[in-house]
Amino acid sequence: SCLRAASLFAAMVLGSGGSGSRNASTLADRSSQLGLLQLPRSLSEYVALPTADPAEAAAFQRQESKLKKQTVLRRLSSGYVPERSRLQQILDSNFFQVSIALVIVCNAVVMGFETDLPAYRVWDTIENLFLLTFLIEFLLKCCCHGFLTLVSLSHPDVFWNVFDVIVLILGLSDLVMSLFVAQSSGNMATLFRIVRLLRILRLFRLVRFLKKLYLLAFGFVDAVQAIFWVSLLMLVILYVCSIVMVRTCGSLPDTDPHAEFLHSQFADIRTSMLTLFVLMSSPN
């Protein structure tokens with residue numbers, strides 16, 4: 001920094017011009033903004049900056065651009081991170097996350113009371129308030145990150161964000177259909193009941209806010225994958241054993257005392273696999 005200050009000071013001393021004080025003041029302002037060179041404002045009273053020569057003015061601009069680049073590189077090398085927006089800080093705060101989790105729990109409790117006490121007409125209003133809360137939460141996320149960013153595959157929570165969108169669409173569909181269900185019947189009323197039943201999907205959002213439950217859910221997904229491969233292995237074993245049973249027990253001569261029973265149980269591959277599965281699941 002001292003060498004840069006010395007070089008700029010020499011350039012200003014050697015220069016001349018009628019508007020020197022104004023140019024020196026501009027240099028002092030720009031240098032103080034860069035944070036690399038602190039020139040006293042009193043220097044502008046007796047230092048002149050050359051601007052009459054276009055070559056010298058261009059050299060001054062190149063020097064200023066170089067200082068800016070060095071400032072950026074120095075900040076990046078020191079781990080400088082831009083300050084997050086106030087909205088993002090609120091969305092990432094523990095208070096906001098706990099508040100949304102409590103809203104989901106309250107929604108679950110209300111759904112239970114609504115199931116046991118359907119005669120009360122206040123449940124629809126409460127459900128609409130929950131829907132409004134979830135809608136405001138998602139709109140705040142869109143204002144902070146952008147909708148396309150939230151649903152892009154590069155986002156770490158893309159699956160949860162898509163799930164939130166589906167829940168909101170179902171809730172809004174329920175709200176719109178509730179305006180016409182009183183004058184509708186038949187298929188429209190059945191569709192309305194199905195959409196209203198899908199509101200229970202909101203409860204699965206609670207998994208996102210509880211770490212232990214989140215880990216348990218992912219463990220369940222891994223277990224399902226393991227069960228799939230075990231089922232595939234058992235299917236291959238049943239298929240191989242069925243071929244053996246059809247070619248042996250299913251092909252006995254009619255003189256065998258158990259031929260009729262064995263022929264009925266191992267007549268073909270499909271029947272043989274079903275018989276072996278029954279024996280494996282309930283051997284008694």
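Now for a description of the structure that goes with this document. (Residues numbered from 1 in each chain as written. Predicted model: local features only at pLDDT ≥ 70, side-chain atom pairs only at ≥ 80, totals over all residues. Heavy atoms only, no water.)

A few words on the packing of helix 6 (residues 123-145) against helix 8 (residues 158-178). Packing of helix 6 against helix 8 brings their axes to within 10 Å, and their N-to-C directions diverge by 140°. Considering their axes alone, helix 6 and helix 8 lie oblique with respect to each other. Handedness of the helix 6/helix 8 crossing: left-handed. Where helix 6 abuts helix 8, its residues Asn128, Leu131, Phe134, Leu135, Phe138 and Lys141 lie against Asn161, Asp164, Val165, Leu168, Gly171, Leu172 and Leu175. Across the contact of helix 6 with helix 8, the residue classes tally to eight nonpolar, three polar and two charged. (Axes fitted to C-alpha atoms, helices over the stretch in contact; angles between N-to-C directions. Helix = DSSP H or I, 4+ residues; strand = E, 2+ residues; numbered from the N terminus. Parallel < 35°, antiparallel > 145°, perpendicular 65-115°, else oblique. Left-handed = near helix turned anticlockwise from the far one by under 90°. Contact = heavy atoms within 4.5 Å. Nonpolar A, V, L, I, M, F, W, Y, C, P; charged D, E, K, R; others polar.)

Here we take up the pattern of salt bridges. Close approach of charged atoms allows side chains of opposite charge to pair. In the structure shown here, the tally under the stated rule is one salt bridge. Across the salt bridge formed by Glu137 and Lys141, the nearest N and O atoms sit 3.4 Å from each other. A residue pair is termed a helical-turn pair when its members lie 3 or 4 positions apart in one helix, as Glu137 and Lys141 do in helix 6 at four residues. On the accessibility criterion, Glu137 (4% relative accessible area) is buried. (Salt bridge = Lys/Arg side-chain N within 4 Å of Asp/Glu carboxyl O. Buried < 20%, exposed > 50% of the residue type's maximum accessible area, 1.4 Å probe, protein only.)

When two helices pack together, you describe them by how their axes are tilted relative to each other and by the distance separating the axes. Packing of helix 5 (residues 94-116) against helix 6 brings their axes to within 11 Å, and their N-to-C directions diverge by 155°. Classified by the angle between their axes, helix 5 and helix 6 sit roughly antiparallel to one another. Crossing angle aside, the handedness with which helix 5 passes helix 6 is left-handed. Every residue of helix 6 that contacts helix 5 at Phe96, Ile100, Val103, Ile104, Cys106, Asn107, Val110, Met111, Phe113 and Glu114 is listed here: Trp123, Asp124, Ile126, Glu127, Phe130, Thr133, Phe134 and Glu137.

Following the sequence through the fold, Ser272 ends up in helix 13 (residues 269-281). According to the relative accessible area criterion, Ser272 is buried, its value standing at 0%. Not counting chain neighbours up to four residues away, the residues in contact with Ser272 comprise Ser242, Met245, Val246, Gln265 and Phe266.

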